[in-house]
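# Understanding the architecture of this molecule
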Amino acid sequence: MEAIWALEDLMVKQALLMRASMRRYRRLTGKERRETSLTELLIEGLKEHGQGLVSVAEAPGPEAHYGADLELWLRGAGYLTGLRLQAKSLHPRKKSDGSYRYLHHPLDGGTTSQVTKLIRNTPAPLNPGYLYYNGLDEKPQARSACCSANGYSRRHGRFGLTFSGADVVQRLEVAEPRRNSLDDVLPESVPLKCLVACPRAQRHPWWITWPVTTAVWPVILAGGRRPWIARDPYRQPSTDIEATVAALGSRVFQGQLPPHLVELLGGGEATEEFSPTARFVAVIDGDAAREMMT
């Protein structure tokens, strides 16, 4: 089995577990699980099923202290793609796929929107985005930006976890009327597994171009915003990937990476100078997946 499928299997498994957990909680309580507990569930799943592939760290205090739920880093071929993610859960309603009730959350007494603050306060080389928890009872009517474009399997379990750039939410917020349904969001988002196993990226040798080619999704979903990527301080990039970076038009971060990330990349536990931009930090290592499969 190739490394790309090992990572895809990891992410699909998390999506299926997330969907099952949300449906079970809804059936037992008649309520929806909070985003905080769902993110904790995702982190536990990544730790349990991604041993050797995923490094995680948890910051003290509530999510509100950090302004985002998850700092997700994709590592491989000498580069890093970082995403600062705000989580939102789907609230099903009768005769509809449901809506993200708190997608357009006001802050600072209603003077600032959450998405505006997320975009404004996300430092380079992180890219702002949204992580959607979807406890769907049935396959959604809408198609995602990925699966509608290339005929990829639409098995609805994969939609338990989806992703979009923050600009997507910003566009929906200013629309008249303001839009927050699954039908609005899903066509401009992709299953989270697409970030680690992008069908569009498979035309290239995966271990050479990943995760740089993954940066294509923030470009597509953000309406052209050039994504940030960063060089891995511990691994040397190949000459092949440099050409891919140039072709994608990605912005290569030239500054110092935050200490907590450097600790995780070096095999530490991010205990020194822990200063994340989200409650949880996770690093998915594509190089490790490749080594495990060879």
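Cut-offs applied
Residues numbered from 1 in each chain as written. Predicted model: local features only at pLDDT ≥ 70, side-chain atom pairs only at ≥ 80, totals over all residues. Heavy atoms only, no water. Core = buried A, V, L, I, M, F, W, Y, C linked by side-chain atoms within 4.5 Å. Buried < 20%, exposed > 50% of the residue type's maximum accessible area, 1.4 Å probe, protein only. Helix = DSSP H or I, 4+ residues; strand = E, 2+ residues; numbered from the N terminus. Axes fitted to C-alpha atoms, helices over the stretch in contact; angles between N-to-C directions. Left-handed = near helix turned anticlockwise from the far one by under 90°. Contact = heavy atoms within 4.5 Å. Arc of directions from axis to C-beta. Polar contact = N/O pair within 3.5 Å; in protein donor to acceptor, adjacent residues only side chain to side chain.

By size, the foremost hydrophobic cluster in this structure holds 35 residues, and its most contacted members are L42, L70, L72, L131, Y133, L161 and I284. Contributions of two or more residues to this core are made by α1 (3–29), α2 (35–49), β2 (70–76), β3 (79–89), β8 (126–133), β9 (161–165), β13 (280–285) and α11 (286–293). The element contributing the most residues to this core is α1, with 6 residues. Formed by 20 residues, the second largest nonpolar core is a distinct cluster that contains V115, L118, L136 and V168.

A word on unusual backbone geometry. In this structure, the amide linkage connecting A124 to the following residue, P125, adopts the cis form with an omega of 10°. With respect to the helices and strands, the residue P125 is situated in the loop between α3 (114–121) and β8. The backbone phi angle of A77 is positive, close to 55°, even though this residue is not glycine. Take A77: it is sitting in the loop between β2 and β3. Accessibility expressed as a relative area gives 12% for A77, which makes it buried.

Structurally, A145 is set in the loop between β8 and α4 (147–150). Placed 45 residues apart in sequence, A145 and V190 show a C-alpha to C-alpha distance of 5.6 Å.

Here we take up the packing of α3 against helix α5 (residues 166–174). Contact pair α3 / α5: the axes reach a minimum separation of 9 Å and the direction vectors enclose 145°. Between α3 and α5 lies a crossing whose hand is left-handed. Residues V115, T116, L118 and I119 of α3 form the contact with α5, whose participating residues are A166, D167, V169, Q170 and E173.

This next bit is on helix α9 (residues 239–248). Of the residues making up α9, those classed as buried are I241, T244 and V245. Across the axial projection of α9, the buried residues extend over an arc of 105°, all falling on one side. Facing away from the buried side of α9, by more than 90 degrees, are the exposed residues T239, A243, A246 and A247. Phi turns positive one or two residues past the end of α9, at G249, with a value near 75°.

Within the secondary structure, T162 is located in strand β9. Here the side chain of T162 touches N134 through a polar contact of 3.0 Å, side chain to side chain.

This next bit is on the environment of R33. Note on placement: R33 falls in the loop between α1 and α2. Through-space distance from the C-alpha of R33 to that of M22 is 6.4 Å; in sequence the pair is 11 residues apart. In this view, R33 contacts S21, Y25, L38, L41 and S89; residues no more than four positions away in its chain are not counted. Of the polar contacts made by the side chain of R33, one reaches the side chain of S21; its length is 2.6 Å. Within the structure, the side chain of R33 is placed 3.5 Å from the side chain of S37, a separation counted as a polar contact.

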